[in-house]
Structures are given as C-alpha cells and as structure tokens.
Amino acid sequence: MEKFIITPKEDKNVTMTIRIDETLQEKYNALAFKTNRSRNELIGMALQYALDNMEIKEK
C-alpha cells in the first residue's frame with residue numbers, strides 16, 4: 001500500500017489594500033454574484049490581464 005504523503009502548501013498570496021470608486025466596487029459585486037466567483041478572484045484576474053496586455057508608449 002502506498003503512503004499518503006502531504007507536502008507543505010506554498011502560500012504565494014499577499015494582502016494589498018487599494019482605494020477604488022464605489023461604483024467600481026458595485027460593478028465587481030454584481031459580477032461576482034453573476035459568475036459565482038469571489039470579488040477578489042475577479043480583481044486578480046483583471047490585474048493579470050492588464051499586465052499581460054499592457055503597452056507602454058514612450059514620450
């Protein structure tokens with residue numbers, strides 16, 4: 001019989017506080033309800049998408 005091996009979980013998440021417009025928060029609340037995802041998960045996805053698709057224009 002093989003052993004049941006448990007390895008330590010790597011927690012790479014950090015807590016970050018931001019200030020956003022109340023309207024934006026309400027939109028994320030509605031989207032979270034509609035998609036059955038957490039607001040935190042949706043914001044993380046949006047931030048990653050922005051980084052992956054960002055273009056910086058030089059002056």
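Located above this text is the structure these notes cover.
As the structure is a computational prediction, the values presented were derived from the model and not from experiment.

What follows covers the overall build of the chain. Check the secondary structure of the chain and you find 2 helices and 0 strands. Computed over its C-alpha atoms, the radius of gyration of the chain comes to 18 Å, more than 25% above the 10 Å expected for a compact globule of 59 residues. In the chain, which comprises 59 residues, the share counted as buried stands at 5%. For the chain, the exposed area adds up to about 6,800 Å²; of that, 54% sits on carbon and sulfur atoms. Averaging the positions of the 10 positive and the 10 negative side-chain charges in the chain gives two centres separated by 1 Å.

Contact geometry for helix α1 (residues 22-35) and helix α2 (residues 39-52): axes closest at 9 Å, N-to-C directions at 110°. The pairing of α1 with α2 is recorded here as roughly perpendicular in orientation. Here Gln25, Tyr28, Asn29, Leu31, Ala32 and Thr35 of α1 lie close against α2, whose contacting residues are Arg39, Leu42, Ile43 and Ala46. Class assignment for the residues of the contact of α1 with α2 results in 6 nonpolar, 3 polar and 1 charged.

What counts, and where the lines are drawn
Residues numbered from 1 in each chain as written. Predicted model: local features only at pLDDT ≥ 70, side-chain atom pairs only at ≥ 80, totals over all residues. Heavy atoms only, no water. Helix = DSSP H or I, 4+ residues; strand = E, 2+ residues; numbered from the N terminus. Rg over C-alpha atoms; globule rule 2.2 N^0.38 Å. Buried < 20%, exposed > 50% of the residue type's maximum accessible area, 1.4 Å probe, protein only. Areas by Shrake-Rupley, 256 points an atom, 1.4 Å probe, with all protein chains shown as cover. Lys, Arg positive; Asp, Glu negative; His and termini not counted. Charge placed at Lys NZ, Arg CZ, Asp CG, Glu CD. Axes fitted to C-alpha atoms, helices over the stretch in contact; angles between N-to-C directions. Parallel < 35°, antiparallel > 145°, perpendicular 65-115°, else oblique. Contact = heavy atoms within 4.5 Å. Nonpolar A, V, L, I, M, F, W, Y, C, P; charged D, E, K, R; others polar.

These results come straight from atomic positions and should not be treated as a statement about function.
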